[in-house]
Each structure stands twice: as structure tokens, then as C-alpha cells.
Amino acid sequence: MAMLVSSSSSSSSSSPHSLSFTRSLHNALSPFSITLTLTRSHSPKRAPPSFKATLITNSDSFQVGRSIGSYGFMNVTRSTFPLLSSSIFCLLFCQNFTLSRSFFSYSAFPSALEGNKYSYADFGAGLKTQDVGEGSVKIRLYEGRVSQGPLRGTPVIFKVYPGKRAGGIEADMMAANELNAHSFLQRNSKGIVQNLVLLVGGFETITGEQWLAFRDDGKYSAADYAKFASDRVSRDRASGELSSWNRFEQEQSIKRKQIFVIKLLQGAMRGLAYMHDNNRLHQSLGPFSVMLNTISEREGRYLIPRLRDLAFSVDVSYSELEEDPRSLADGLWRRATAAGAFTRMEKRAFAIADDIYEAGLLFAYMAFVPFCEAGAMDGLALQRLLENTFQLDLEATREYCMEDDRLAKAVEFLDLGDGAGWELLQAMLNADFRKRPIAQAVLNHRFMTGDVL
């Protein structure tokens, strides 16, 4: 799921050595400028000034604060419709001292991790079981700030990979790949899109741990917002508050939620479109890989969604479309071949469509979970409903959901614009990868532009 190997502005040949954090960090030292903004306040209403700065690779330039959590990867094979997108997804758990939450993202990590029973033969018949295997890479998170230079005082979030000693080769490859992906995307002469988290710097400790520092533009995820919104629906319904509202207030509340969710999806798709325009896939897109600066629907006008977690990002420039069983993208290319993509052009088209499929699952998650009571629908249940029960037939899915009063507001949301939401979701989750829209086409759809509101 990750094959990005060069942090230079031009593509270079792929090799196992280029998926080394030490080599990647050395490449990142080559001069380039990125546009940064000071964020001394987390208020979404303020627009801090921007200026030029270089990637910080000196550990003395940072101060590390308290631990805010840790998470690990788990592989879960799909019992799903054959030959679709990722055959497994990545499940990450985070325990926070002040806020307990979990990270979740779909991915295509291959079967190399211990405990996963996934096999190539599963592609032909469709996955009949759902096996779970825990990965060896455990990541820690810390608060911190830049202590020296022009970015002094800038708050950051440290993402700490254990390195080869504790995490094996996968940890080193993932850390290198995330560093490569961000440094490449931030070198773009056209400027940095605001819908990607910003890498401020990175360094390796004497014990081999690999630290990546990202500007702290918010500690919420799209999943945090979805949980907050669904919990509020449950509270309001339990207290009878919904029935006591006057009709105007109720309509305004629903409208704010609809606007917030569409803006969230817009930002995520802009980040993905930027990556695709620069020949990079995300490959672990999900509600926990979208960072938000606010979860207040009343502050929706200030919402800036940002994509994060690029450890499995893949370089899909034509010069890099070489299959390597040692790469993180091995599973992606095997699925491409199984789906009938054999030429470089076909494999690239499949890979981009694979990201769009994951974006479609994110769209479905955000269309249902925030609008329903807590427990009425979750990511796994929704994915099984779409893929297993209705085999990606969205018309049949809608008919089923209409019979469940708990899902009424989600159906109402997707019904906007004479069913524009269902129309877009069907396109993004098309079983034929050749018929899925590109990211920019998704952004231009009447549902995503907000014209339906």
C-alpha cells in the first residue's frame, strides 16, 4: 500500500534502500522551502500569518510535551464483494489520557503481517471469512512545540515510529514512506494545499526511533465529530428534546449538520485531488485519517479538514509502477492484476480508483453515522451492508434504510437534490473500477458543491 520512494522533486528509481528512514531523512535535508503559518492559537476564527521555512531535522529544535496516546495496526480481511478495492483495512486504536478515542482507516496493507490469513486465491472467489491479525508496528503520539528558529513556539504533534529494532522492517518502511510523501508534496512549486497536515520536521534518535513532527492544527478527527454528533442525537431523543423543538429550530439544526458534513467531505476530497494530481495515493483513507480544527457545527464556516496518516501512500507516477513484493504496495498491485489491470496505464487507473472507493466508504460513513443515534450504524456494519448484503446496489440499500426510522435523517441527507447523494455514492462505489469518477469529478458533483442545499 506504499511505494513512494523519493523525497526529491523529481521521481527516482524505486529500490528497497529508498524505503529507509535514514536515507529519506538525508534526502529531506536538500534545500527546499515550504509555506508555514504560525498557529499559536487554535481558534478557527483566526488566520495566522504565513512565511517560508525549511523542514526541521535537528532534534534540538523541538521540545517534547506529554504523551497523548498510542496506537497499533490490525489487519482485517473482508468478507466482501470480490475484486473491489482494498481486501483488508487497517484498524488503529488510540488511548488518550484525557480523551479516549480510536483511529480507524481503510487500507490495503498486504498479508505480510503476522496473524493474517489472507491469500492470493481469495481474489478469485471473493473473501469468504473475516480474519483479524495484529501488526507489529506500535506508534506513540506526543504533544510538543518548536523551540528554535522562525517557527519557535509553533505547537506540533509528534508521531513516533519504533524503528527497526522494535517494529521491524515494516516500521522503518512506514516512517520513511510518510516522510517521503509529505516532503514530496510540500516541495510542489504550485504551493501546499491546506487540506493536508503539514510536516514541520523529523529526526531519528540514537535508539533508532523515528519521530515525525506535524503542525498541530487540531486534535479532532472526522470520526470524533461523527461520534459527537450521534451521541447528541441519542441524548436529544432520550430527553424528548427533539419533540419539544419548534420546527424552525429543528430545520436549522439539521441544515447546519448537512452543511458541516458536506464541507468536511469537500476538504477531504480536495486533499485527495491534490495528492492524485501529484501522482500520490493515500491508501488509508477513512474517518480517522481526516483531521478537523473544530467539531462545532456552528463554526462550520471555519472548518478546515486535513488528510493525515500517509504511511501507506503510493507513488503512481508511471516511472514508479513496478511491482516489488517487498514494498508496502504489494497488495495493491496484486489486486490490480486480479481485477484485470495489466498494463502500467491500467494499474495506475486501478490504483486511483481504489482511493476513490475508500473515499466512497468515507462518504457513506459521514452520511450515516452523524445523522443517526449512537449504535444505530457504525463503519463495519455500514460496510457489510453495502458490500455484502446489497452487493453495492445503492438503490436497494436506500429501500432497506427507508424502513428503519433510526436511519431516516441519513436517507433524507442523501436524498437531497432528487437523490444526488445516492447518485454520487453509487458512482464512487462502482464495482467496475473503470467507471469510478476521479477526485476532481467528485468535487464538481452537484451534491459535493452544496448546490443541493
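As recorded by an unreviewed UniProt entry, the chain carries the name Protein kinase domain-containing protein and is attributed to Arachis hypogaea.

Caption draft 1: How the structure looks around the overall build of the chain. Helix and strand counts for the chain come out as 13 helices and 14 strands. Within the chain, the fraction of its 453 residues that count as buried is 59%. For the chain, long-range pairs separated by at least 24 residues make up 72% of all intrachain contacts whose partners lie at least 6 apart in sequence. Accessible area for the chain stands at about 18,400 Å²; split by element, carbon and sulfur atoms hold 51% of it.

Caption draft 2: The arrangement of the state of the cysteines in detail. Tallying each qualifying case throughout the model produces 0 disulfides. Of all cysteine sulfurs, the one in Cys-401 lies closest to Cys-372, which takes part in no disulfide; the gap is 8.2 Å.

Caption draft 3: Looking closely at the pairing of strand E9 (residues 210-215). Burial runs high along E9: 6 of the 6 residues are buried. Sheet analysis places strand E7 (residues 155-161) next to E9, joined by 6 bridges and oriented antiparallel. Looking across to E9, one finds that Val-156 is bridged to Arg-215. Bridge count for strand E8 (residues 199-204) against E9 is 5 bridges, and the pairing is antiparallel. Residue pairing in the sheet places Gly-202 in a bridge with Leu-212 of E9. The turn joining E8 and E9, which pair antiparallel and follow one another in sequence, is formed by 5 residues; a positive phi near 95° is taken by Gly-208.

Caption draft 4: Geometry of the packing of helix H7 (residues 330-338) against helix H8 (residues 344-368). At their nearest, the axes of H7 and H8 sit 10 Å apart, and the two run at 110° to each other. On the basis of their axis angle, the class for H7 and H8 is roughly perpendicular. Read as a crossing pair, H7 and H8 show a hand that is right-handed. For the pair H7 and H8, contact is made by Leu-332, Trp-333, Arg-335, Ala-336 and Thr-337 and by Lys-347, Phe-350, Ala-351 and Asp-354, respectively. Across the contact of H7 with H8, the residue classes break down as 5 nonpolar, 1 polar and 3 charged.

Caption draft 5: The arrangement of the confidence of the model for the chain in detail. Per-residue pLDDT for the chain averages 79, and the proportion of residues at 70 or more is 72%. Within the model, pLDDT remains below 50 along residues 1-18, and this stretch shows 72 contacts once partners closer than five positions in the same chain are excluded. The low-confidence segment residues 31-42 (pLDDT under 50) makes 50 contacts with residues lying over four places distant or belonging to another chain.

Conventions adopted
- Residues numbered from 1 in each chain as written.
- Predicted model: local features only at pLDDT ≥ 70, side-chain atom pairs only at ≥ 80, totals over all residues.
- Heavy atoms only, no water.
- Helix = DSSP H or I, 4+ residues; strand = E, 2+ residues; numbered from the N terminus.
- Buried < 20%, exposed > 50% of the residue type's maximum accessible area, 1.4 Å probe, protein only.
- Contact = heavy atoms within 4.5 Å.
- Areas by Shrake-Rupley, 256 points an atom, 1.4 Å probe, with all protein chains shown as cover.
- Disulfide = S-S within 2.5 Å.
- Pairing = 2+ DSSP bridges.
- Axes fitted to C-alpha atoms, helices over the stretch in contact; angles between N-to-C directions.
- Parallel < 35°, antiparallel > 145°, perpendicular 65-115°, else oblique.
- Left-handed = near helix turned anticlockwise from the far one by under 90°.
- Nonpolar A, V, L, I, M, F, W, Y, C, P; charged D, E, K, R; others polar.
- pLDDT = per-residue confidence, 0-100.

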